[in-house]
Amino acid sequence: MKQDSLGLAQRMFPSHCDVTDQTSGQKFRSSMASVFSLPSSITLTPLILLLSISQVAPSLPQWPLSRIPVVLPQTTEDRPAPHFQADARLDVISPCDPECHKMAPPPSYSDLRSILSYETLHSNGHLTETAVGIYGYARPKTTLATPSRQKRQIFGHDGRFSIVGRDYLLNYPFSAAVKLSTGCSGTLVGDRHVLTAAHCVHDGKNYVKGAQKLRVGFLKPKQHDNSASATNATNGNNRRPSPDKMKFQWIRAKRTHVPKGWIKGNANDIGMDYDYALLELKKAHKRRHMKLGVSPSAKQLPGRRVQFSGYDNDRPGQLVYRFCRAGEETSDLLYQHCDAQPGASGSGVYARMWDRRSRRWERKVIGVFSGHQWVDRDGASQEFNVAVRVTPLKYAQICYWIKGNYVDCREG
């Protein structure tokens, strides 16, 4: 198995694999420590196997063929201007625990229309509300198991990896992770679109500070300072800046879409199910984006694992990657054991499976990391790490926001 793992690593990272000691692979681990901010003693085999799957028969994990309903805008009305007074919260509070979510009655068609109606905040502060119609929706027949409770943001040993080195930060899939000026993370899902958590821009009652002038940060190499180079050359100092010095380049958001299910959440306890938002940028970003996908059940995921990258606050300026086993789920929420800190909320949770339509392996965003949720239960706070699943209805809505039509949104 060790021989196979090292061989796979050589094919994945040929420029970083100086594997001459086939017994221990020590040189390989030391080299790979330059890619991830890790001690060379850490075994990276699970991470390597997850990041790249060798060419195998497509009888292994496959994206399910989902029937996508149609969510169409019907009427749009102006709304009062937002206040932009509250600070963005990176921890989410909900009075509804997992048992509460499971016992909640399924929403009626009228409820769903209300929940999936949405607000659009424009960069000039103009706010509108759009009502929607839903067509071709079939209610799920099965109820998923109640989620199990977790106790901490970091579960035992910290399993996060800081991605270092411009060759990796600037390449897919890590390059699809972005930072929001409100302190959250997001994922590129279109040429000018970013998927994030609703609580990063709206606290459930109003839009937060910075939401009107929201910016999205792309990690890029720092430009070489010519004046500093000239000074160094004059002084006989030939040292150049580190090629891995990175900085954020920011693009303003043009529009922000937030579902009414989140905005109404503080009143009817269903807000956590709809903690997602889509940002439209003022200009195209020119990076490869991730495809959107309907979330399969946890048991259909390869190894029952999910993964995501974000900008955790305890590692400033670093992109942090993690993968973990998905726990139990409700129809709208996925509970997992991924280590995360504030700042990672809004990250796109994704998986890599075989796509029967395109006949290739595809990474797709199947959820939004809502973050470390504090739930008030019987007067005491309990903690959960939760992601919002992309259901067929949410896929139809988000895809319409991206594409502007429903014809291109019928295949999840």
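Residues numbered from 1 in each chain as written. Predicted model: local features only at pLDDT ≥ 70, side-chain atom pairs only at ≥ 80, totals over all residues. Heavy atoms only, no water.

Going by what an unreviewed UniProt entry lists, the protein is known as Serine protease 23 and is assigned to Esox lucius. The Subcellular location (unreviewed entry) field of the UniProt record for the protein holds the comment "Secreted". Looking at the protein in UniProt, the text filed under Sequence similarities (unreviewed entry) is "Belongs to the peptidase S1 family." (UniProt positions renumbered as here; feature names shortened; annotations may be inferred.)

**Student:** So what exactly am I meant to see when it comes to unusual backbone geometry here?
**Tutor:** Peptide bonds are trans in most cases, and residues, glycine excluded, mostly fall at negative phi. Omega for the bond connecting Tyr172 with Pro173 falls within 30 degrees of zero, at 5°, which places this linkage in the cis form. Relative to the helices and strands, Pro173 resides in the loop between helix H6 (166-169) and strand E6 (177-180). Not every positive phi belongs to a glycine, and Arg359 is a case in point at roughly 55°. Secondary-structure assignment places Arg359 in the loop between strand E16 (348-355) and strand E17 (360-377). (Helix = DSSP H or I, 4+ residues; strand = E, 2+ residues; numbered from the N terminus.)

**Student:** Is there a simple way to explain helix H10 (residues 392-403) in this structure?
**Tutor:** Each α-helix turn comprises 3.6 residues. Residues three or four places apart therefore point the same way. For H10, built from 12 residues, the straight-helix expectation of 16 Å at 1.5 Å per residue is met to within 8% by its first-to-last C-alpha distance of 16 Å. Burial analysis of H10 places 10 of its 12 residues in the buried class, the great majority of the element. Inspection of H10 places Leu393, Lys394, Tyr395, Ala396, Gln397, Ile398, Cys399, Tyr400, Trp401 and Ile402 among the buried residues, and these make up the whole buried set. Looking one or two residues past H10, Gly404 carries a phi angle of roughly 80°, positive in sign. (Expected span 1.5 Å × (residues − 1). Buried < 20%, exposed > 50% of the residue type's maximum accessible area, 1.4 Å probe, protein only.)

**Student:** Help me understand the side chain of Thr120 in this model?
**Tutor:** Of note, Thr120 is situated in strand E3 (residues 118-122). At 2.9 Å, the side chain of Thr120 and the side chain of His257 are in polar contact. For Thr120, the contacting residues outside a window of four places in its chain are His126, Leu127, Thr128, Arg255, Thr256 and His257. (Polar contact = N/O pair within 3.5 Å; in protein donor to acceptor, adjacent residues only side chain to side chain. Contact = heavy atoms within 4.5 Å.)

**Student:** Which parts of the structure should I look at to understand the packing of aromatic side chains?
**Tutor:** Tallied over the full model, the rule gives 11 aromatic pairs. Taken together, a centroid distance of 4.7 Å and an interplanar angle of 25° make the contact between Phe308 and Phe369 stacked. Of the two residues, Phe308 sits in strand E13 (residues 305-310) while Phe369 sits in strand E17, which places them 61 residues apart along the sequence. Both residues of the pair, Phe308 and Phe369, belong to the buried class. Ring geometry for Tyr321 versus Phe323: centroids 6.2 Å apart, planes at 40°, classification tilted. In this structure, Tyr321 and Phe323 share a single accessibility class: buried. Seen from the ring of Trp250, Arg215 lies directly overhead, with NZ or CZ sitting 4.6 Å from the centre. We note Lys394 situated over the ring of Tyr274; from NZ or CZ to the ring centre the distance is 5.1 Å. (Phe/Tyr/Trp six-rings, centres within 6.5 Å; stacked < 30°, edge-to-face > 60°. Lys NZ or Arg CZ within 6 Å of the ring centre and 35° of its normal.)

**Student:** What is the right way to look at the nonpolar core in this model?
**Tutor:** Counting residues in hydrophobic clusters, the biggest one holds 77 residues, and the most contacted among them are Leu116, Leu195, Tyr207, Val258, Trp262, Tyr276 and Ile398. In contact with Leu195, not counting residues within four places along its chain, are Gly186, Thr187, Val189, Ala277, Leu278, Leu292, Gly346, Val365, Val368 and Ile398. Within the second largest apolar cluster, 17 residues are counted, among which are Ala326, Ala351, Met353 and Ala387. (Core = buried A, V, L, I, M, F, W, Y, C linked by side-chain atoms within 4.5 Å.)

**Student:** I'm lost on the side chain of Lys179 in this one. Help?
**Tutor:** Within the secondary structure layout, Lys179 lies in strand E6. Of the side chains with opposite charge, Asp312 comes closest to the buried, unpaired Lys179, at an N-O distance of 9.0 Å. Residue contacts for Lys179: discarding those within four places in its chain leaves Cys184, Ser185, Arg215, Val216, Gly217, Phe248, Trp250 and Tyr311. (Lys, Arg positive; Asp, Glu negative; His and termini not counted. Salt bridge = Lys/Arg side-chain N within 4 Å of Asp/Glu carboxyl O.)

**Student:** Looking at this structure, I do not really get empty space enclosed by the protein. What am I missing?
**Tutor:** Empty space among the atoms becomes apparent when a probe as large as a water molecule is rolled across them. Under the definition given, this model contains five cavities of 30 Å³ or more. Lining the largest cavity we find Pro173, Ala176, Ala177, Thr187, Met290, Phe308, Ser309, Gly348 and Tyr350. Of all the secondary structure elements, the ones that give two or more residues to the lining of the largest cavity are E13 and E16. Its residues placed into classes, the lining of the largest cavity shows six nonpolar, three polar and no charged. (1 Å grid on protein atoms, 1.4 Å probe; cavity = no way out; pocket = protein on both sides within 12 Å on 5 of 7 lines; lining within 4 Å. Points joined across faces, edges and corners; volume = space filled by probe spheres on them. Nonpolar A, V, L, I, M, F, W, Y, C, P; charged D, E, K, R; others polar.)

**Student:** What should I look at first to understand the state of the cysteines in this one?
**Tutor:** Working definition of a disulfide: a covalent bond connecting the sulfur atoms of two cysteines. The final tally for this structure, using the stated rule, is three disulfides. Between the sulfur of Cys324 and that of Cys338 lies a disulfide, 2.0 Å long from S to S. Disulfide Cys324 to Cys338: torsion about the S-S bond roughly -90°, handedness left-handed. Here Cys338 lies in the loop between strand E15 (333-336) and E16 and Cys324 lies in strand E14 (residues 319-329), a separation of 14 residues in the sequence. With a relative accessible area of 7%, Cys324 lands in the buried category. For Cys338, a relative accessible area of 1% translates into the label buried. Linked covalently through their sulfurs, Cys399 and Cys409 form a disulfide whose S-S length is 2.1 Å. Handedness here is read from the sign of the S-S torsion; for Cys399 and Cys409, about -85°, the answer is left-handed. Of this pair, Cys399 sits in helix H10 while Cys409 sits in the segment after H10, and the two are 10 residues apart along the sequence. Cys409 shares its class with Cys399; the two are buried. (Disulfide = S-S within 2.5 Å.)

**Student:** Is there a simple way to think about the layout of surface pockets in this case?
**Tutor:** Approximately 480 Å³ is the volume found for the second largest pocket. Going through the elements one at a time, strand E12 (291-292) and H10 are the ones with two or more residues in the lining of the second largest pocket. Looking at the lining of the second largest pocket, the element that brings in the most residues is H10, giving four residues. Among the residues making up the lining of the second largest pocket, the classes are represented as six nonpolar, five polar and 10 charged.

**Student:** Sorry if this is basic, but what is going on with the confidence of the model for the protein here?
**Tutor:** Reading fine detail from the predicted coordinates is not recommended where pLDDT is low. Of the residues in the protein, 70% reach a pLDDT of 70 or more, and the chain-wide mean stands at 78. Confidence drops under pLDDT 50 across residues 1-46; counting only partners more than four residues distant or on other chains, this segment forms 66 contacts. (pLDDT = per-residue confidence, 0-100.)

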